[in-house]
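Results of the structural survey
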Amino acid sequence: MPLTFGRLIALLGGWSVLMIAISGWVSHMIGEGLLSKWRRKEQAELESLRSVLANDRLSLESAAKSFQTGQDLNQQKRLAAVERMWAATLELRKNFSAPVFFLSILLPTEYDVAVRGGKGKGIAAAVADLTLESIGKSMESADLIEQDRPYLGETLWLQFFTYRAFLGRIAYIVVEGKRSMRFAGDWRQDSGVRQLLSYVLAEQAVSGLLTGTDSAISINRAINSLESLILKEV
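So, here is what we can say about the structure in this document. The structure displayed is predicted, hence computed values, not measured ones.

Brief notes about the overall build of the protein chain
Within the protein chain, the secondary structure is distributed over 10 helices and zero strands. Taking all 234 residues of the protein chain together, the buried fraction comes to 29%. Total accessible area on the protein chain is roughly 14900 Å²; 59% of this is exposed by carbon and sulfur atoms.

A look at the packing of helix α3 (residues 97-105) against helix α7 (residues 154-180)
Between α3 and α7, whose axes approach to 9 Å, the crossing angle comes to 65°. For the element pair α3 / α7, the angle class is roughly perpendicular. Where α3 crosses over α7, the handedness of that crossing is left-handed. For the pair α3 and α7, the contacting residues are Pro99, Val100, Phe102 and Leu103 in the first and Leu167, Ile170, Ala171 and Val174 in the second. Tallied by class, residues from the contact of α3 with α7 come to eight nonpolar, no polar and no charged.

A few points about the layout of surface pockets
The computed volume of the largest pocket comes to approximately 180 Å³. Along the wall of the largest pocket there are 14 residues; nearest its centre are Ile173, Glu176, Phe183, Ala184 and Gly185. Partitioned by chemical class, the residues of the lining of the largest pocket number five nonpolar, four polar and five charged.

As for a nonpolar patch on the surface
Taken together, the side chains of Leu46, Leu49 and Leu53 present a nonpolar region at the surface, about 260 Å² in accessible area. Structurally, Leu53 is set in helix α2 (residues 14-95).

Describing the packing of α7 against helix α8 (residues 191-200)
Across the interface, α7 lies against α8 with an axial gap of 9 Å and an inter-helix angle of 165°. Taken together, α7 and α8 sit at an angle that is classed as roughly antiparallel. The two elements α7 and α8 meet at a crossing, and its hand is left-handed. Judged by residue contacts, Leu158, Gln159, Thr162, Ala165, Phe166, Arg169, Ile170 and Ile173 of α7 engage Gly192, Val193, Leu196, Leu197, Tyr199 and Val200 from α8.

Focus: the nonpolar core
Among the nonpolar cores identified, the biggest contains 44 residues, and Phe102, Phe166 and Trp187 are the most heavily contacted of them. Going through the elements one at a time, α2, α3, α4 (111-116), α7, α8, α9 (203-210) and α10 (218-233) are the ones with two or more residues in this core. Counting residues per element, this core draws most heavily on α7, at 11 residues. Setting aside its immediate chain neighbours within four residues, Trp187 contacts Leu103, Tyr111, Phe166, Ile170, Ile173, Val193, Leu210, Ser218, Ile219 and Ala222.

Here we look at the side chain of Gln159
Tracing the backbone through its elements, the reader meets Gln159 in helix α7. For Gln159, the residues in contact, after removing those within four places along its chain, are Val200, Leu229, Ile230 and Glu233.

Structural notes on the environment of Gln195
Assignment of secondary structure puts Gln195 in helix α8. Sequence separation of Gln195 and Val206 is 11 residues, and the distance between their C-alpha atoms is 9.4 Å.

Examining α9
Listed in full, the buried residues belonging to α9 are Val206, Leu209 and Leu210. Relative to the axis of α9, the buried residues are bounded by an arc of 85° and lie together on one face. Check the buried side of α9 and you find it contacts α8 and α10.

What counts and what doesn't
Residues numbered from 1 in each chain as written. Predicted model: local features only at pLDDT ≥ 70, side-chain atom pairs only at ≥ 80, totals over all residues. Heavy atoms only, no water. Helix = DSSP H or I, 4+ residues; strand = E, 2+ residues; numbered from the N terminus. Buried < 20%, exposed > 50% of the residue type's maximum accessible area, 1.4 Å probe, protein only. Areas by Shrake-Rupley, 256 points an atom, 1.4 Å probe, with all protein chains shown as cover. Axes fitted to C-alpha atoms, helices over the stretch in contact; angles between N-to-C directions. Parallel < 35°, antiparallel > 145°, perpendicular 65-115°, else oblique. Left-handed = near helix turned anticlockwise from the far one by under 90°. Contact = heavy atoms within 4.5 Å. Nonpolar A, V, L, I, M, F, W, Y, C, P; charged D, E, K, R; others polar. 1 Å grid on protein atoms, 1.4 Å probe; cavity = no way out; pocket = protein on both sides within 12 Å on 5 of 7 lines; lining within 4 Å. Points joined across faces, edges and corners; volume = space filled by probe spheres on them. Patch = residues over 30% accessible without salt bridge, like charges linked within 9 Å, V, L, I, M, F, W, Y side chains within 5 Å. Salt bridge = Lys/Arg side-chain N within 4 Å of Asp/Glu carboxyl O. Core = buried A, V, L, I, M, F, W, Y, C linked by side-chain atoms within 4.5 Å. Arc of directions from axis to C-beta.

See below:
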């Protein structure tokens, strides 16, 4: 008996079975196609993500290197600024050594006697050339430090500014005493001196430096206290 198409269908279980088989095969093929497409899409997205992550990593590394370079450069500028400021501090100490010497040798009761002794004589000779003009020039020598203020910080800048102003005030007191041949009193009683020291020192420390008139070295103690503040901040 010849094998006809109808008989073949019958042998395979009929049209229903055949349609189910074909439907399953088609579904399988569609599923494989979708799965393959999804895998290709997933692979493309994964590669894209890897590329983005690699670029982000390079950007972060570049930013970190730039930040470190900037930090190193700023640190170098800070160190250079501190060195210039301390050099200026030593220069101020040198420029104002004459009035400091005068006040560190004599007691307040001896100021007037010394300046009335005449120019070029005795201890008064140390401040014979001291004038308001020379004070101004001595203080101007530290003006360039102003440009380093961003790298020094406000605390250190205030301490340096106070140190310079304190020395200038001391020198002014001596100049005025010379001019009038009569000092207004002990430099420790000067309101300007007290006000300047109170900017950077506690009230108790200021009182300790300015109380009493029996020690001529108080001026050195005050200067050392200001310099110590600067060094600690550095």
